[in-house]
Amino acid sequence: MASPDITAPTLQFEDVRSPSNQDQVDAGGFSLNLNPGDLALFFFESKYRIPEIANLATGMTQASRGDIHFMGKSWSGRNPQEVLASRREIGRVFAPRGGAAWLQNLDVDENVMLPQFFQPGVTKKEVQAQTMEMARRLGMDHLPSGRPSRTSTAELTRAQWVRALLPRPLRLLVLERPGYSVPPQQIEPFIEQVNLRRGEGTAVLWIDLPNEINHRSSLLPTCEFETLPEGLKGSF
């Protein structure tokens, strides 16, 4: 498998149009270069309609026009093994209605650690230690050990933070409403960790509602989109 192109932008949208707005013939395409350490902040209007930015960025959804590159290569040009390997370098916090973020037959702590067990050369003991260290950095004494269906929404959100920040290398963070249901004072450690990862070269996509985002001044975004660009309008 080819090595990632570390000289290319981490993420590139090239004249992209979301598949759910393909009937809007006058909608233009969206282009963006997101380089290591950049943070792009997107706002959307309805909490019941999640834009497809995250799925497009991670290759889960194919654009109806244009192309998306991750680490210098198009998602559409990768074979299944390359797709899986690339996604192991991406951390994601899923929106509340953004998809199946949890396996219901595993406890929350097992869910959080599961992706890291597929990293080559990493032992179970090392994964457990790294997970608990990250949880402590985020202000958590422990991870929830019950099933997701019996865990509070706030605890699930914070557990997603841990899972999203664990990959090494962490090339890209994709965050959909990452403060959902969490008290404002509890999100501070998460923003600190996001900024730390940015300093190490992680690019960030932050997608949120204008009235939900806390500590906006601490994010220091590279670019902001107060309304969704035409090419990205549409939801699932």
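Rules of the game
- Residues numbered from 1 in each chain as written.
- Predicted model: local features only at pLDDT ≥ 70, side-chain atom pairs only at ≥ 80, totals over all residues.
- Heavy atoms only, no water.
- Axes fitted to C-alpha atoms, helices over the stretch in contact; angles between N-to-C directions.
- Helix = DSSP H or I, 4+ residues; strand = E, 2+ residues; numbered from the N terminus.
- Parallel < 35°, antiparallel > 145°, perpendicular 65-115°, else oblique.
- Left-handed = near helix turned anticlockwise from the far one by under 90°.
- Contact = heavy atoms within 4.5 Å.
- Nonpolar A, V, L, I, M, F, W, Y, C, P; charged D, E, K, R; others polar.
- Buried < 20%, exposed > 50% of the residue type's maximum accessible area, 1.4 Å probe, protein only.
- Pairing = 2+ DSSP bridges.
- Salt bridge = Lys/Arg side-chain N within 4 Å of Asp/Glu carboxyl O.

1. Examining the packing of helix α5 (residues 153–165) against helix α6 (residues 184–199)
Argument step 1. Where α5 contacts α6, the two axes come as close as 11 Å, and the packing angle between them is 10°. When the axes of α5 and α6 are compared, the pair comes out roughly parallel. Between α5 and α6 the crossing geometry is left-handed. Counting all contacts with α5, which are made through Arg158, Trp161 and Leu165, the residues of α6 involved are Gln186, Ile187, Phe190, Gln193 and Arg197.
Argument step 2. Tallied by class, residues from the contact of α5 with α6 come to 4 nonpolar, 2 polar and 2 charged.

2. Considerations on the pairing of strand β1 (residues 11–17)
Argument step 1. Most of β1 sits out of view: 5 of its 7 residues are buried.
Argument step 2. Pairing of β1 with strand β2 (residues 30–34) involves 4 bridges; the strand directions are antiparallel. Pairing of Phe13 across the sheet is with Leu32, part of β2.
Argument step 3. Inspection of the sheet shows β1 paired to strand β4 (residues 65–70) by 5 bridges, in the antiparallel sense. The residue bridging Leu11 from the neighbouring strand is Phe70, located in β4.

3. Comments concerning the pattern of salt bridges
Argument step 1. Per the counting criterion, the structure on display carries 10 salt bridges.
Argument step 2. Between Glu82 and Lys73 there is a salt bridge, with its nearest N and O atoms 3.1 Å apart.
Argument step 3. Judged by its relative accessible area of 11%, Glu82 is buried.
Argument step 4. Judged by relative accessible area, which is 30%, Lys73 ranks as partly exposed.
Argument step 5. Between Asp107 and Arg147 there is a salt bridge whose closest N-O contact spans 2.7 Å.

4. Focus on the sheet that holds strand β5 (residues 73–74)
Argument step 1. What the 4 strands build is an open sheet, ordered β2-β1-β4-β5; its pairing is antiparallel. Only two strands of the sheet have a single neighbouring strand rather than two, namely β2 and β5.

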